[in-house]
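# Structure assessment
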Amino acid sequence: MTTELEIGLYIFILAGFLGYHVITRVPPLLHTPLMSATNAISGISLIGSLVVAGANYSRLSTALGFIAVTCSSTNVVGGFLITDRMLRMFKRREEVGIQHRRFNLKLLLAIPVLVVFLVVMHWIRRSGTDSQSSSAALSVVALRYFYILSAVLFILGLKGLSSPKYARKGMLLAAFGMVMAIAGTLFHPEIVNYRWITLGLAIGSVVGGSMGLRIPMTAVPQRTALSHSLGALAASLIGISEYVRHVAVELDSVKMTTIGLEVIIGSLTFTGSLMAAGKLQGLLPGAPITYRGQNVFNITLLSAVVGSLIYLVFVPATSTLFFVMVGLALLFGFLLVIPIGAADMPVVIALLNSYGGLADASMGFVLMNKIQIITGSLDGTSGFLLSLLMCRAMNRSAINVLFGAFGKVQKEEVGPAAEATGTVRSITPEELTVLFDSIRSVIIVPGYGMAVAQAQQGVSELAKLLSTRGIDVKYAIHPVAGRMPGHMNVLLAEANVPYDQLYTMEQINPYFPEADIALVVGANDVTNPAAKNNKNSPLYGMPILEVHRAKSIIVLKRSLRPGFAGVDNELYYDPKCMMLFGDAKESLNKLFAALRS
Ligand code: NAP
């Protein structure tokens, strides 16, 4: 057991390093598909769930395994489908208008490989009637090699995400790896009953399939949070099943520790992610819910959870304490997320993504399943890296995020916001057309307000019209614009904006001084010059899009109200700046109509 644990730990650490190198090469453009891809891949927890659901350990284990199979297969099917949908949208300028094939014919080549594999596994299992134990051992060995192959395909899949050109091919490889691992597991020697497995796979495929094919791109953040919660629930249930199964026989301290970590991380990620999904969907109030002594209470609760686990490691047979610990972990996940406002949820999702990866990896340790350790580690690294990137882009400390005490708490510490004063100039769409007559370049700056107004199609139409008039159009994408990392890119890609027009903050900032117009659509904080030149501003230090350096600035928003940070934007008082007040979608429609006429 100890040697297995050591090997598992080595694999976990090495997969983490590998994940770091592969994932840091994924451009911000593909950060949203990356999140759903790691989600789908971490659905490999399905293979552990299949064994528990089909092994006839006990009625409880079968029931828990069945729910876990349903949750994990929802994630696998939904995750791969929505990733593919997103990746199909990313097109270069010359590809716009061309429909990428929904189904890649090359995938048919995988069928013979799969058939041979299934025939071999079937033959091994059938020969088990004569020599039960040796055939079982053989099928376990065969499975092990197929899992290694699947792990390689997953890593190649993530590597493909380093460019939109290869991303779809990479994801197809990863999906094939998943099919192989799942199909092979169906021949696992411990599986004796397929009834619940079939039902779980069927429900999961229908739910995941309809989520993956139908969910609008604006709802991707809440879908991601929901799938984190399903994955974490699966891990937690398998942990509970393993505890119940082993506690009556024997449970050494290593096994108890891994089961404990699995259920704790799984449970808190489950409720935390559900809360995040509810806030993003608008089912729960988006405002932070805070009360006196909140941090002290949360830390006490976490200490109680950890204390229970330590006690259980020494006295594993205390079943009541085990279930109290699960309950407290569920409560902790819920309390961790309620003080955080809806606008901060993207960081929470990325963080919960990494917690979900840890829960998967712990499940791998419990079942001593190395492929789950690898995918859990990859998922954990990806979520952790994305949350660090977002922290840097918002000028927040990683420690602040790690302990969940951000959002409202941080704002109170900063002090009163600096107020900008001066004269604001407003402009009408008709007046704007005159300005557009004499320009050669525009940089469009989409922000959170564009997503709220669903104005991406209007932006794309306007950009196309300007391009036909010979005007150079570029888009400036701030890393925290939108509702999750890279979300703005997906929304614009859906509206047929070619990805070679999308520029990251670092790439676009040098272009602003040459731009005739910076057209800001529902962005506020990410353009506030106070972040660069006002030490008293709460935004000071946050990297921004240097819109104020453009020759003229047009801002589309409804009022002078501040953005998420609650800070006045001095950009609006700049003599070069003109405000086009109104809903972004309506303003763009009017501007488009005025320009056409
Ligand atoms: P922002 O500062 O929140 O400003 C968005 C602006 O959109 C608002 O000022 C609002 O002004 C306008 N707006 C809202 N609905 C609109 C509509 N229908 N039509 C036109 N305008 C509309 O957004 P941002 O500049 O994109 O900055 C993002 C903020 O969120 C940053 O402070 C960032 O730190 C934070 N954040 C982002 C993420 C992420 O991953 N994206 C994560 C965590 C935190 P009116 O009300 O006047 O219209």
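Preceding block: the structure.
Attention in this report is confined to the structure presented alongside it.

Calculation criteria
Residues numbered from 1 in each chain as written. Predicted model: local features only at pLDDT ≥ 70, side-chain atom pairs only at ≥ 80, totals over all residues. Heavy atoms only, no water. Near = heavy atom within 4 Å. Polar contact = N/O pair within 3.5 Å; in protein donor to acceptor, adjacent residues only side chain to side chain. Areas by Shrake-Rupley, 256 points an atom, 1.4 Å probe, with all protein chains shown as cover. Helix = DSSP H or I, 4+ residues; strand = E, 2+ residues; numbered from the N terminus. Nonpolar A, V, L, I, M, F, W, Y, C, P; charged D, E, K, R; others polar. Expected span 1.5 Å × (residues − 1). Buried < 20%, exposed > 50% of the residue type's maximum accessible area, 1.4 Å probe, protein only. Pairing = 2+ DSSP bridges. Axes fitted to C-alpha atoms, helices over the stretch in contact; angles between N-to-C directions.

### A look at the site of the ligand
Residues in contact with the ligand amount to 29 residues; listed here are only the nearest, Val480, Gly482, Asn524, Asp525 and Ser559. With respect to the ligand, the side chain of Arg558 contributes an N or O atom lying 2.8 Å from an oxygen atom. Between an oxygen atom of the ligand and a side-chain N or O atom of Arg561, the distance comes to 3.4 Å. Considered on its own, the ligand offers 910 Å² of accessible surface; in the complex 95% of this is hidden by protein. Counting only elements with at least two residues in the shell around the ligand, the list comes to helix H13 (345-367), helix H14 (370-394) and helix H18 (448-453). Examining the composition of the shell around the ligand, we find that four residues originate from one element, H18, more than from any other. For the shell around the ligand, the per-class residue count stands at 15 nonpolar, eight polar and six charged.

### Details of H14
Across its 25 residues, H14 extends 36 Å between first and last C-alpha, which sits within 8% of the 36 Å expected from 1.5 Å per residue. The buried fraction of H14 is high, at 20 of 25 residues. In the stretch just after H14, Asn395 is the one whose phi turns positive, near 60°.

### Regarding unusual backbone geometry
For Asn56, which is not a glycine, the phi torsion comes out positive at approximately 60°. Positionally, Asn56 belongs in the loop between helix H3 (45-54) and helix H4 (59-89). Residue Asn496 is not a glycine yet carries a positive backbone phi of 65°. Along the chain, Asn496 falls in the loop between helix H20 (487-494) and strand E3 (502-504).

### Observations regarding the sheet that holds strand E1 (residues 441-446)
An order of E3-E2-E1-E4-E5-E6 is seen for the six strands of this open sheet, with the pairing classed as parallel. If you trace the sheet from one side to the other, it starts and ends with E3 and strand E6 (577-581), each paired once. Each neighbouring strand pair of the sheet contributes to a mean axis angle of 25°, computed without reference to strand direction. In terms of strand pairing, strand E5 (residues 552-557) meets E6 through five bridges, oriented parallel. Each residue of the ladder has a partner; that of Leu556, found in E6, is Leu580.

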